[in-house]
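Observations on the three-dimensional arrangement
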Amino acid sequence: MKASVRRSQILQELAEAGSVTVVDLAERFSVSPMTIRRDLLELERAALVRRVHGGAVAGRGRSYEPPLLLRTGENADVKRRIGALAASMIAEGDSVALDTGSTCLEVACNLRGRRNLTVLTPGFRIAEILIDEPDIRLILTGGIVRPGEASLIGDLARHAFQELSVDRLVLAVGGVDAAFGLSEYNWDDVLVKQAMIRSAKEVILVADSRKFDQIAFARIAGLEAVAMLVTDREPGEPLRAALKSAGVKTLIAPAAS
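Let me sum up the structure you'll find in this document. (Residues numbered from 1 in each chain as written. Predicted model: local features only at pLDDT ≥ 70, side-chain atom pairs only at ≥ 80, totals over all residues. Heavy atoms only, no water.)

Things to note about the sheet that holds strand β13 (residues 218-221)
What the three strands build is an open sheet, ordered β10-β11-β13; its pairing is antiparallel. Edge positions in the sheet fall to β10 (175-177) and β13, since each has one partner strand and no second. For this sheet, the mean inter-axis angle between neighbouring strands, taken without regard to orientation, is 35°. Inspection of the sheet shows strand β11 (residues 181-184) paired to β13 by three bridges, in the antiparallel sense. Its bridge partner lying in β13, Glu 184 is registered against Ala 218. Each of β11 and β13 is contacted by helix α9 (residues 187-199), which is oriented at about 5° to β13, the strand it contacts most. (Pairing = 2+ DSSP bridges. Helix = DSSP H or I, 4+ residues; strand = E, 2+ residues; numbered from the N terminus. Axes fitted to C-alpha atoms, helices over the stretch in contact; angles between N-to-C directions. Contact = heavy atoms within 4.5 Å.)

So this is what it looks like as structure tokens:
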């Protein structure tokens, strides 16, 4: 198992249990206690956990964003299925704003080989996936680079969306909550996402079910900003009712056959 996947699973267990022990994790993952201690040290350096004697406790607040490297390894199969379904909503001739984030990377992968598309993105990793596609006109927004995220923020990134109108936006978020709406960890990202929403005729939200009933640091918009949610399972109440009231259509990505 890759270290990034193991660390993602450690974070998931911490989110559920609140604490973990080195002994239990070493047994679960069939690795040495020293390996687990290194994992916990790296997670502590990223401000995601707090190490204590014999283990660690959850250390992530609403403003702490899990690194993209960890997010990419989390729930990978689910994100692939969501990405494939969301990409199928994009038609030939569309102009598309494609957000950053691990699920949006899967959307980009499923756009390879497509014809007559214009893709506008603030994400370098999105651009890397699509850069050699001959029938996709690829536009990077410009802006200030966020280290670790390989995304672009700031006035240049926002201005790109203010000056353009796109058919569809594929949007990623940190949390989806019935009352708080859509939220994200980083305020600079929020400002770009708000400009993206204003530039789009239709917003397609891609979010796996672990984002449901979660509130990150900063609010992006209410649920009414979204036309369609692509996810892996139906939300529970009260989120399901809030999405219906806001006119959001929910699409469930089929399980792999």
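There is more to say after this.
So, the packing of helix α2 (residues 22-29) against helix α3 (residues 33-45)
The interhelical angle for the contact between α2 and α3, taken along N-to-C directions, is 110°, at an axis separation of 9 Å. The orientation of α2 relative to α3 falls into the category roughly perpendicular. Two packed elements cross with a definite hand, and for α2 against α3 that hand is right-handed. Counting all contacts with α2, which are made through Val 22, Leu 25, Ala 26 and Phe 29, the residues of α3 involved are Pro 33, Ile 36, Arg 37 and Leu 40. Taken together, the residues of the contact of α2 with α3 break down into seven nonpolar, no polar and one charged. (Parallel < 35°, antiparallel > 145°, perpendicular 65-115°, else oblique. Left-handed = near helix turned anticlockwise from the far one by under 90°. Nonpolar A, V, L, I, M, F, W, Y, C, P; charged D, E, K, R; others polar.)

A short note on α9
Taking 1.5 Å per residue, 13 residues should reach 18 Å; α9 reaches 19 Å between its end C-alpha atoms and fits that length. Burial runs high along α9: 10 of the 13 residues are buried. (Expected span 1.5 Å × (residues − 1). Buried < 20%, exposed > 50% of the residue type's maximum accessible area, 1.4 Å probe, protein only.)

Observations regarding the packing of helix α1 (residues 3-17) against α2
Where α1 meets α2, the axes come as close as 12 Å, and the angle between the chain directions of the two elements is 130°. With respect to α2, the element α1 is oriented oblique. Seen from above, α1 lies across α2 with right-handed handedness. Residues Arg 6, Gln 9, Ile 10 and Glu 13 of α1 form the contact with α2, whose own contacting residues are Leu 25, Arg 28 and Phe 29. Looking at side-chain class alone, the contact of α1 with α2 contains three nonpolar, one polar and three charged residues.

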